[in-house]
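Each chain is listed here by its residues.
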Amino acid sequence: MTTKRTLSIKQRGLTNFEAVMWIFTRLSALAIYGLILVGLIGALIMGARNQMNFADVMRWAFMPNVTHVQSTDLQDLNPWASPFWKLTASALLLVAVAHGVHGLVVIADDYIAGAGARKFIRFLSIVMMISMSGIGLYLIWTS
Amino acid sequence: MEITIKIFRYDPEKDVRGHYETYVVEGDENDRVLDVLELVKGKSDGTLAFRRSCAHGVCGSDAMRINGRNHLACKTLVRDVGANITVEPVLGLKVKKDLIVDMDPFFDNYKKMLPYMINESPLPADGRERLQSPEDRARFDETTKCILCAACTTSCPSYWANGEYYGPAAIVTAHRFIFDSRDEAAGERLQILAETDGVARCHTAYNCTEACPREIKITKAIGEVKMAMITGKLD
Ligand code: SF4
Ligand code: FES
């Protein structure tokens, strides 16, 4: 008589914001790998194999912004500045900032024990997350 | 053989901070570190304080740091650690005297896990036991072996950094009930562990698994609790 037991999301506490963020941090790490792969493959398709060195390809993969490939031997920069890459870069930026800021909050918890101080750190982190994302988006969409 | 044992000493009535004292005793390589401590207490210095009870790895009283790693003194042979031994209290809990630490925070975390069977359903028709298949029993067998010695929790860097983390031992206890098909409060326990100081604080350092004198695969058990939290599946 092996029973099958399952619990709903609410029953197992996944409505807790911190728990959701914990899962988000795991999934966002995977998303970052995926987006980097997209950048890497895209660069190779667009001619990086002959016209760029390894360092520039990596720079592009980690942030597919056209300014990152301007100083290479590329003949035509247009495909590198397409909306597709702006969207990819935006996604990478948003996911990476949220992932990184949440990681910092978790580390800060190891050093800051007071409930009030922790709230303050969370507030600061949210401010930092929003402003960094904003500045990043501005740079991506105006370059 | 001659055994040199360096022991952390702290007397709250006299000392501002701890210090080490070295004792040389005549012992055997098959002696356990606990025997050596008894020799020191019996022959050299009766003020030495440490916990022990069963002396056979059952009660979980004598977890301590032996040559830098958490062990039960009663399960550690001199021949395995050498004739130069350093013994210190476990880390992360306040030292009360010598090798004795304040276990209250540890047991507080244990109690938070609701460490008892919760089942409000009516008893089976015959009014006797709630039956369980051998497979269902095997599901949580590993975590029933915990003796609450605290070797795992006090070896955990996340716990050292942040004493509010419930710690591996508490999660082992939660695991024992969460995966018990007769228990009905898995959800409540998972909700407690979904809090900031719950399973998210485990960064898979694996120190707990290495420290456990009962050889419980603690990191794996914590992983199973994490998966149950994510998928909602308790089998
Ligand atoms: S899980 Fe192992 S190390 Fe941790 S308290 Fe239980 S017996 Fe001790
Ligand atoms: S004295 Fe009981 S476990 Fe060591």
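First, a word on scope: everything that follows refers to the structure included in this document.

**A look at the sheet that holds strand β2 (residues 19-26) of chain B**
The strands making up a sheet are joined through hydrogen bonds of the backbone, oriented either antiparallel or parallel.
Residue and element names in this part refer to chain B.
Right, on to step 1. The 5 strands lie next to each other as β2-β1-β5-β3-β4, forming an open sheet whose pairing is mixed. Looking along the sheet, the strands with just one partner apiece sit at the ends: β2 and β4 (69-72). Pairwise comparison of adjacent strand axes, ignoring direction, gives a mean angle of 35 degrees for this sheet.
Right, on to step 2. As judged from the 4 bridges shared by strand β1 (residues 2-9) and strand β5 (residues 84-88), these two strands associate in the parallel manner. Within the sheet, the bridge partner assigned to isoleucine 5 lies in β5 and is isoleucine 85.
Right, on to step 3. Along the sheet, helix α1 (residues 33-44) makes contact with β1, β2, β3 (63-66) and β5, crossing β2 at roughly 95 degrees.

**Notes on the packing of aromatic side chains**
Right, on to step 1. Applying the stated criterion to the full structure yields 6 aromatic pairs over all chains.
Right, on to step 2. With centroids separated by 4.8 Å and ring planes inclined at 75 degrees, the aromatic side chains of A:Trp60 and A:Trp80 adopt a geometry described as edge-to-face. Note that A:Trp60 is positioned in helix α2 (residues 54-62) and A:Trp80 in the loop between α2 and α3 (83-109), a separation of 20 residues in sequence. Like A:Trp80, A:Trp60 is buried.
Right, on to step 3. Between B:Phe106 and B:Phe107, the aromatic rings sit 5.2 Å apart at their centres with planes inclined by 80 degrees, giving edge-to-face as the arrangement.
Right, on to step 4. A connected cluster of aromatic rings, assembled from ring pairs, spans A:Trp60, A:Trp80, A:Phe84 and A:Trp85.
Right, on to step 5. It is B:Lys6 that lies over the ring of B:Tyr20; its NZ or CZ is 4.9 Å from the centre.
Right, on to step 6. Seen from the ring of B:Phe177, B:Arg176 lies directly overhead, with NZ or CZ sitting 4.3 Å from the centre.

**Description of the packing of helix α6 (residues 168-178) of chain B against helix α7 (residues 186-193) of chain B**
Any two packed helices are characterised by the angle at which their axes cross and by the distance between the axes.
All names here are of chain B.
Right, on to step 1. Relative to each other, α6 and α7 sit at 155 degrees, their axes nearing to 9 Å. The angle between α6 and α7 falls in the class roughly antiparallel. With respect to the hand of their crossing, α6 and α7 are arranged in left-handed fashion. Note on element contacts: α7 touches α6 through Ala186, Arg189, Leu190 and Leu193, opposite Ile171, Ala174, Phe177 and Ile178.
Right, on to step 2. Partitioning the contact of α6 with α7 into residue classes produces 7 nonpolar, no polar and 1 charged.

**Regarding the site of ligand 1**
Right, on to step 1. Inspection of the region around ligand 1 gives 13 residues, with B:Cys146, B:Cys149, B:Ala150, B:Cys152 and B:Cys212 positioned closest.
Right, on to step 2. Taken together, the residues of the shell around ligand 1 break down into 12 nonpolar, no polar and 1 charged.

**Brief notes about the interface of chain A and chain B**
Right, on to step 1. Of the residues lining the interface, 23 residues belong to chain A; the matching set on chain B comes to 35 residues.
Right, on to step 2. Summing the contributions of chain A and of chain B, the shared interface buries around 2300 Å²; its carbon and sulfur component is 48%.
Right, on to step 3. Counting the surface chain A buries against chain B, the share from its top three residues, A:Arg5, A:Arg12 and A:Trp22, is 35%.
Right, on to step 4. Run the count over chain A and chain B and you get 3 salt bridges.
Right, on to step 5. As a salt-bridge pair, A:Asp109 and B:Arg201 come within 2.9 Å of each other at their nearest N and O atoms.
Right, on to step 6. Connecting chain A to chain B are 14 residue pairs in polar contact (both at pLDDT 80 or more).
Right, on to step 7. Among the elements of the structure, α1 (17-51), α3 and α4 (115-142) of chain A are those that each provide at least two residues to the side of chain A that touches chain B.
Right, on to step 8. For the side of chain A that touches chain B, the element with the most residues is α1(A), which contributes 4 residues.
Right, on to step 9. Considered class by class, the residues forming the side of chain A that touches chain B number 8 nonpolar, 6 polar and 9 charged.

Calculation rules
- Residues numbered from 1 in each chain as written.
- Chains lettered and ligands numbered in written order.
- Predicted model: local features only at pLDDT ≥ 70, side-chain atom pairs only at ≥ 80, totals over all residues.
- Heavy atoms only, no water.
- Pairing = 2+ DSSP bridges.
- Helix = DSSP H or I, 4+ residues; strand = E, 2+ residues; numbered from the N terminus.
- Axes fitted to C-alpha atoms, helices over the stretch in contact; angles between N-to-C directions.
- Contact = heavy atoms within 4.5 Å.
- Phe/Tyr/Trp six-rings, centres within 6.5 Å; stacked < 30°, edge-to-face > 60°.
- Buried < 20%, exposed > 50% of the residue type's maximum accessible area, 1.4 Å probe, protein only.
- Lys NZ or Arg CZ within 6 Å of the ring centre and 35° of its normal.
- Parallel < 35°, antiparallel > 145°, perpendicular 65-115°, else oblique.
- Left-handed = near helix turned anticlockwise from the far one by under 90°.
- Nonpolar A, V, L, I, M, F, W, Y, C, P; charged D, E, K, R; others polar.
- Near = heavy atom within 4 Å.
- Buried area = accessible area lost by both parts, 1.4 Å probe.
- Salt bridge = Lys/Arg side-chain N within 4 Å of Asp/Glu carboxyl O.
- Polar contact = N/O pair within 3.5 Å; in protein donor to acceptor, adjacent residues only side chain to side chain.

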